[in-house]
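# Residue-level structure breakdown
In case you want the letters, here they are:
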Amino acid sequence: MDFALTEEQKLTRQTAREFAMAEVLPQASKNDEEHRFPSDLVKRLAGLGFLGMAVPEAHGGAGLDTVSYVLAMEEISRACASTGVIMSVNNSLVCDPINKFGSDRQKREWLVPLAKGEILGCFALSEPEAGSDAAAQKTTARLVGDEWVISGTKNFITNAPNAQVTVLFAMNAPEKGYKGITAFVVPMNTKGVSLGPPDKKLGIRASQSCQIFLEDVRVKGDAVLGEVGGGFKVAMSTLDGGRIGIAAQALGIGRACLEDSLEYAKQRKTFGQPIAQHQAIQWKLADMATELEAARLLTWRAASLKDRGIRHSAESAMAKLLASDAANRAAREAVQIFGGYGYLADYPVERHLRDAKITEIYEGTSEIQRMVIAQKVLTDM
Ligand code: CAA
């Protein structure tokens, strides 16, 4: 089994690492503290081709593979998890489904500027009463003449305050259950679309999310993404890719915890020696490194399956489950290693602890990942 990266993948990781450490990290704490959306960094990400990494060059993307994408996601998220999620939503949840299911017109009109990073997109699936139970959509889409009329409310929509377009899900035939859900590509400036105030969040505070209100929003038939009634499968297969991106985000947060802890443990002294010499601290560092490496291998495997066009629902779920768990444990241990200083906003590890938590919740909670994995285990064994 060969775990070696190609020269192109190594170069992508190196480019991302240099950019992350030189440009993203220096503003991460301040952006978090001020809940400031990093527009300047988003422009730089666009310039690097990091907002449409796996989109073919013919459609405005960088034409790289999913493995390169997760390498870059880990590096950017190691510096700032907020910047990481802004990037992952655009790549995984917006570019990817339009690339896979979009019409030629949708690709020309939306995918090209999204992949170039000229505009940002968001993914409007969750609702006040449809989070984990994604098929319980209350947002309706009625066909009136040649137009769809969409009404409802979407919740927790990452990038919505900064997006120009959304991949949106609505129920057009409730009697058909999940087969009555349709996906649409809807410009955010369409009449009837309005936004709630930005959500006040525990972590990833430099990325913005909010509610989207849809009041008799009218779009033409060519706004349908994929097939009428095929929206649930668009959502699920998109999330199979999205979960790899969030696994990589979690790896980045976990690595930040490990690297910050190593640096601190080498210079902080107790009982006459650096705390890195104490076995209690060494065991924590060893566990953090081991769990992150295991999660990294699962994440790379899921990405590689996606690149080879092999169904990877359970593998993505395993990667996200383990990586988010490892990141949260690493964050708790990092705060413990820093002791009292770890509890202060003057040091980065309290930010890592707050940022890590969301990776166990969005794009499917850890409980949902276990459901997806169990389904595969029960079928295959
Ligand atoms: N790919 C393709 N098709 C899939 C699929 C997949 N990954 N998963 C399920 N399907 C298909 C099934 O095959 C089935 O179709 P058939 O009947 O034709 O076989 C159909 O979809 C229904 O499947 P289920 O009965 O398994 O569906 P369910 O209603 O029980 O739901 C679930 C399954 C896994 C719980 C799903 O609802 C789920 O993933 N929930 C979590 C939702 C989620 O992750 N939300 C995140 C919101 S986005 C976000 O967080 C973004 C952000 O802020 C950054």
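Each chain carries its own residue numbering, running from 1 in the written order of its sequence. Whole-chain, interface and lining totals are the exception, using all residues; otherwise, since this is a predicted model, local features are given only for residues with pLDDT of at least 70 and side-chain atom pairs are given and counted only at 80 or more. As a rule here, side-chain values cover all heavy atoms of the structure and leave hydrogens and water aside.

## Section: the overall build of the chain
On a plain count of helices and strands, the chain comes out with 10 helices and 10 strands. Put simply, the radius of gyration uses C-alpha atoms, and a globule should come to 2.2 Å times the residue count raised to 0.38. Relative to the compact-globule value of 21 Å for 381 residues, the chain shows a C-alpha radius of gyration of 21 Å, a close match. Over its C-alpha atoms, taken along the principal directions, the chain stretches across nearly 80 × 50 × 40 Å. Under the scheme applied here, a residue whose accessible area is under 20% of the maximum for its type counts as buried, over 50% as exposed, and between as partly exposed, the area being computed with a 1.4 Å probe on protein chains only. Across the 381 residues that make up the chain, the buried fraction comes to 55%. Note on contacts: a residue pair is in contact if any heavy atoms of the two residues lie within 4.5 Å. Considering only intrachain contacts with a sequence separation of at least 6, the fraction spanning at least 24 residues in the chain is 73%. Per-residue accessibility takes into account occlusion by the displayed protein chains alone, with areas from the Shrake-Rupley method and a 1.4 Å probe. Of the roughly 16,900 Å² that the chain leaves accessible, carbon and sulfur atoms contribute 54%. Positive residues here are Lys and Arg, negative ones are Asp and Glu, while His and the chain termini are left out of the count. Where a charge lies is defined by one atom per residue type, namely NZ (Lys), CZ (Arg), CG (Asp) and CD (Glu). In the chain, which carries 44 positive and 46 negative side-chain charges, the distance between the mean positions of the two groups comes to 1 Å. A helix here means a DSSP run of H or I that spans at least four residues, while a strand means a run of E at least two residues long, and both kinds are numbered starting from the N terminus.

## A closer look at the site of the ligand
Near, as used in this document, describes a residue that has one of its heavy atoms within 4 Å of the molecule or strand being considered. Neighbouring the ligand are 27 residues; Ser132, Tyr178, Lys233, Asp240 and Arg243 lie closest to it. Taking Lys233, its side chain carries an N or O atom lying 2.8 Å from an oxygen atom of the ligand. Relative to its free-state accessible area of 1,100 Å², the ligand is covered by the protein chains to the extent of 75%. Where each domain begins and ends is defined by an automated method or by a domain database. Taken domain by domain, the shell around the ligand gets at least three of its residues from each of domain 2 (122–229) and domain 3 (232–380). Each polar contact in these results corresponds to two N or O atoms within 3.5 Å; when the atoms are within protein, one needs to be able to donate a hydrogen and the other to accept it, and residues that are neighboring in sequence are counted only if both atoms are side-chain atoms.

## A short note on the packing of aromatic side chains
Only rings of Phe, Tyr and Trp enter the pairing, Trp through its six-membered ring, and a pair is recorded when the two centres are within 6.5 Å. The plane angle decides the type: under 30 degrees is stacked, over 60 is edge-to-face, the rest tilted. Considering all chains together, one arrives at six aromatic pairs under this definition. Measuring from ring centre to ring centre gives 5.4 Å for Tyr341 and Tyr347, while their planes differ by 55°; the resulting arrangement is tilted. The exposure class assigned to Tyr341 is partly exposed, which follows from its relative accessible area of 39%. Here the aromatic cluster, defined as three or more aromatic residues joined through ring pairs, consists of Tyr264, Phe338, Tyr341 and Tyr347.

## A look at the pairing of strand β2 (residues 140–144)
By the bridge criterion, five bridges tie β2 to strand β3 (residues 147–158) in an arrangement that is antiparallel. Note that in β3 the partner of Arg142 across the bridge is Val149. The hairpin turn running from β2 into β3, its antiparallel successor, is two residues long, and Gly145 in that turn takes a positive phi close to 65°. One bridge is not enough; two strands pair if DSSP finds at least two bridges between them.

## A short note on the pairing of strand β4 (residues 165–171)
Of all the seven residues making up β4, seven are buried; the element is thus mostly covered by neighbouring parts of the structure. Residues Val165, Val167, Phe169 and Met171 line one face of β4 and the alternating positions Thr166, Leu168 and Ala170 line the opposite face, and both faces are buried. Direction of pairing for strand β1 (residues 121–124) relative to β4: parallel, over a ladder of four bridges. Pairing of Ala124 across the sheet is with Leu168, part of β4. Inspection of the sheet shows β4 paired to strand β5 (residues 181–187) by seven bridges, in the antiparallel sense. Note on β5: the bridge partner recorded for Thr166 is Val186.

## Here we look at the domain arrangement of the chain
Taken domain by domain, the chain consists of domain 1 (7–120), domain 2 (122–229) and domain 3 (232–380). On a C-alpha basis, the centres of domain 2 and domain 3 stand 30 Å from each other. If you look at the interface, domain 2 gives 14 residues, while domain 3 gives 14 residues. Buried area is calculated as the accessible area (1.4 Å probe) missing from two parts once they are joined, with the contributions of both summed. Buried surface at the junction of domain 2 and domain 3, summed over both partners, amounts to about 1,200 Å²; 76% is from carbon and sulfur atoms. Basic side-chain nitrogens of Lys or Arg form a salt bridge, by our definition, when they fall within 4 Å of a carboxyl oxygen of Asp or Glu. The tally of links between domain 2 and domain 3 comes to zero salt bridges.

## Topic: the packing of helix α8 (residues 313–338) against helix α10 (residues 366–380)
Between N-to-C directions, angles cover 0 to 180 degrees, with each direction set by a line fitted to C-alpha atoms, over the stretch in contact for helices. One can describe the packing of α8 onto α10 by two numbers: an axis separation of 9 Å at closest approach and a directional angle of 145°. Viewed along their axes, α8 and α10 form a crossing whose handedness is left-handed. Two secondary-structure elements touch here, α8 through Ser313, Ala314, Glu315, Ala317, Met318, Lys320, Leu321 and Ser324 and α10 through Ser366, Gln369, Arg370, Val372, Ile373 and Lys376. Gly is put with the polar residues, along with every residue not named as nonpolar or charged; the nonpolar set is Ala, Val, Leu, Ile, Met, Phe, Trp, Tyr, Cys and Pro, and the charged set is Asp, Glu, Lys and Arg. Of the residues contributing to the contact of α8 with α10, the split by class is six nonpolar, four polar and four charged. Left-handed describes a crossing whose near helix is turned anticlockwise from the far helix through less than a right angle; right-handed describes the clockwise counterpart.

## Remarks on the nonpolar core
The nonpolar core is taken to be a set of buried Ala, Val, Leu, Ile, Met, Phe, Trp, Tyr and Cys residues, with the residues joined through side-chain atoms within 4.5 Å. Counting residues in each nonpolar core, the largest one holds 58 residues, and the members touching the most others are Ile98, Leu114, Phe123, Phe169 and Met288. If we ignore the near neighbours within four places in the chain, the residues touching Phe123 are Leu93, Val94, Ile157, Thr166, Val167, Phe169, Ala235, Thr238 and Leu239. Ranked by size, the runner-up nonpolar core spans 32 residues in total, among them Ala20, Val42, Met53 and Tyr69.

## Comments concerning the environment of Ile204
As for its position among the elements, Ile204 is in the loop between β6 (193–195) and β7 (209–220). Given the relative accessible area of 4%, Ile204 is considered buried. Residues Ile204 and Asp355, spaced 151 residues apart in sequence, show a C-alpha to C-alpha distance of 5.2 Å. Sequence-distant contacts of Ile204, that is, excluding residues within four places in its chain, are made with Ala81, Ser82, Val85, Gln249, Asp355, Ile358 and Tyr362.

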